[in-house]
Amino acid sequence: KKRIAVMTSGGDAPGMNAVVRAVVRQTIASGCVSYAVYEGYQGLVDGGDMIREMAWEDVRGWTSEGGTLIGTARCMAFMQREGRVTAANNMIEKGIDALVICGGDGSLTGADKFRSEWPSLMDELVSSGKRTEEAIKPFRHLNIVGLVGSIDNDLSSTDATIGCYSSLQRICQAIDFIDATAFSHQRAFVIEVMGRHCGWLALMAGVSCGADFIFIPENPPSKNWEEEMCSIVRKHRQMGKRRTIVVCAEGAHDRQLNKVTSSMVKDLLSNTVGLDTRITTLGHVQRGGPPCSYDRMLATLQGVEAVKAVLDAKPDTPSPVICIVENKIVRKPMLDAIAKTKEVAAAIERKDYDAAMRGRDAE
Ligand code: F6P
């Protein structure tokens, strides 16, 4: 029987548990044996009880749980070849040669490297006497399938990463709460949202909540952004708005790549526009908590597709990442998706914001 392991890696995202549930159950329903690797890549390196067989009942109720119940960790040991040799040996110990990984682009890049190195890791296990040629024969190919779990929605090639809509929902809810108090006191609020180098959460939350101004890394405001923002906010006040909401992505910067911070924005609103202004940094409340229905659905459909992709895989097909494009669950070459994501970062670095925006738009 084929043994398929599932793992979560990188920052947790709402919907990761629904992924694990779907992968475990689809694996069992396909007549294979299911395993979960606990604590991300660290669990692969540690082996033993960190790689556990999973039963159907083990994942009961996991669709609605936030975070990742099998844990995630940043693992230095896996960055070293020695750690990867140990990880490969631990997988063989359990008879596993297929791994479904839910994480961000960094975690998926690591997974693909592991796969490309796998044959040489096998050779090393034989040459060091840890395994016999005979023992590794059935494990000559490692099968990797990626799922994108991240609140940032920063992976090119997919319309939505697992977790981004839960986070967006949470941010909008928080802004609605702030709206009420801002309105009461006629105050201004600068809301700082997560997203790392991606402005999707800030942009979508700003649009959804009727923000007065939004800062995102991919499309920084004009050279005179200070004046521009103040005049827009003043105009809105003259039109009768009692509250001001400015959404600032944590990765925001101006067109010269100088960081735009919430406190810079607050100072302008206070000192130049004369508004009583507060900053709210939403922090990790954006990441924890139960997934919204969309993320549960996305995680479940993609988890099922990931197991199908494992079972369809040929030794020479590139590792796929499971995406959603125009509401269809599709497989795409993992490395292409990562390369396209890196192109957006590179476009921002060279201040080519048109290319950055095109890159985010492109499927
Ligand atoms: O990638 C998810 C994310 O929440 C980003 O939005 C944020 O920049 C980062 O992780 C925070 O990481 P940490 O939890 O390690 O502080």
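Note that this is a predicted model, so its numbers are computed, not measured. Within each chain, residues carry numbers counting from 1 in the order of the written sequence. Totals for whole chains, interfaces and linings use every residue, but because this is a predicted model, local features are given only for residues with pLDDT of at least 70 and side-chain atom pairs only at 80 or more, for both listing and counting. Hydrogens are left out, water is left out, and the side-chain values use all remaining heavy atoms of the structure.

Take the layout of surface pockets next. Here a cavity means grid points, on a 1 Å grid over the protein atoms only, where a 1.4 Å probe fits yet cannot get out; a pocket means an open set of points with protein on both sides within 12 Å along at least five of seven lines; lining residues are those with an atom within 4 Å of a point. Grid points are joined across faces, edges and corners, and a volume is the space filled by probe spheres set on the points. Within this model, the largest pocket holds a volume of roughly 910 Å³. Considering the residues around the largest pocket, the lining is formed by 35 residues, among which Gly104, Asp105, Gly106, Ser107 and Arg196 are closest to the centre. Where the lining of the largest pocket is concerned, the elements lending two or more residues are α4 (105–127) and α11 (334–349). Among the elements that line the lining of the largest pocket, the one with the most residues is α4, at five residues. Under the scheme applied here, ten amino acids are nonpolar (Ala, Val, Leu, Ile, Met, Phe, Trp, Tyr, Cys and Pro), four are charged (Asp, Glu, Lys and Arg), and all others, including Gly, are polar. A per-class count over the lining of the largest pocket returns ten nonpolar, 13 polar and twelve charged. Estimates place the volume of the second largest pocket at around 380 Å³. In terms of lining, the second largest pocket is formed by 20 residues, of which the most central are Asn153, Trp200, Met204, Arg360 and Asp361. Per the convention used, a helix needs a DSSP run of H or I reaching at least four residues, while a strand needs a run of E reaching at least two, with both numbered from the N terminus. Listed by contribution, the elements that provide at least two residues to the lining of the second largest pocket are α7 (200–209) and α12 (353–361). No other element matches the four residues that α12 contributes to the lining of the second largest pocket. For the lining of the second largest pocket, the per-class residue count stands at eight nonpolar, six polar and six charged.

Turning our attention to the nonpolar core. Here, nonpolar core refers to any group of buried Ala, Val, Leu, Ile, Met, Phe, Trp, Tyr and Cys residues whose side-chain atoms link them within 4.5 Å. Burial classes: relative accessible area under 20% of the type maximum marks a residue as buried, over 50% as exposed, and values in between as partly exposed (1.4 Å probe, protein chains only). Core analysis: the largest hydrophobic core is formed by 56 residues, its most contacted members being Val100, Leu147, Ile175, Ile191, Val193 and Ile245. Among the elements that make up this core, the one with the highest residue count is helix α6 (residues 164–185) (eight residues). Counting residues in hydrophobic clusters, the runner-up holds 38 residues, among them Ala87, Ala111, Val148 and Cys323.

All right, on to the site of the ligand then. Taken together, Arg74, Ile151, Asp152, Met194, Gly195, Arg196, Glu250, His284 and Arg287 make up the full set of residues near the ligand. At 3.0 Å, a backbone N or O of Gly195 approaches an oxygen atom of the ligand. Glu250 has a polar side-chain atom sitting 2.4 Å from an oxygen atom of the ligand. For the ligand, whose accessible area on its own is 400 Å², the fraction buried by protein is 74%. A cavity or pocket is said to hold a molecule if more than half of that molecule's atoms lie within 2 Å of its grid points. A majority-of-atoms criterion places the ligand in the largest pocket. Here the residues of the shell around the ligand sort into two nonpolar, two polar and five charged. We call a residue near a given molecule or strand whenever any one of its heavy atoms falls within 4 Å of it. The term polar contact refers here to a pair of N or O atoms within 3.5 Å; inside protein, the definition further demands a hydrogen-donor-capable atom paired with an acceptor-capable atom, and it admits residues adjacent in sequence only when both atoms are side-chain atoms. Each accessible area is a Shrake-Rupley estimate made with a 1.4 Å probe; only the visible protein chains count as cover when residues are assessed.

In this section: the packing of aromatic side chains. Centres within 6.5 Å are what make two rings of Phe, Tyr or Trp a pair, Trp counting through its six-membered ring; a difference in plane orientation under 30 degrees is then read as stacked, over 60 as edge-to-face, and the rest as tilted. A complete count under the given rule lists seven aromatic pairs for this structure. Seen in terms of ring centroids, Tyr41 and Phe78 are 4.2 Å apart; in terms of plane orientation they differ by 25°. Their pairing is stacked. Taken together, the positions of Tyr41 in helix α2 (residues 40–46) and Phe78 in the loop between β3 (51–53) and α3 (81–94) put the pair 37 residues apart, joining distant regions of the chain. As far as burial versus exposure is concerned, Tyr41 and Phe78 are alike and both buried. Where Phe213 meets Phe215, the ring centres are 5.1 Å apart and the plane angle is 55°; that geometry is what we call tilted. Three or more aromatic residues joined by ring pairs form one cluster here, namely Tyr41, Phe78, Phe114 and Trp118. The lysine or arginine in question, Arg52, covers the ring of Tyr38, its NZ or CZ lying 3.9 Å from the ring centre. Placement of a positive charge over a ring is assigned whenever Lys NZ or Arg CZ falls within 6 Å of the ring centre and within 35 degrees of the normal to the ring plane. Positioned above the aromatic ring of Phe183 is the side chain of Arg242, whose terminal nitrogen or guanidinium carbon lies 4.7 Å from the ring centre.

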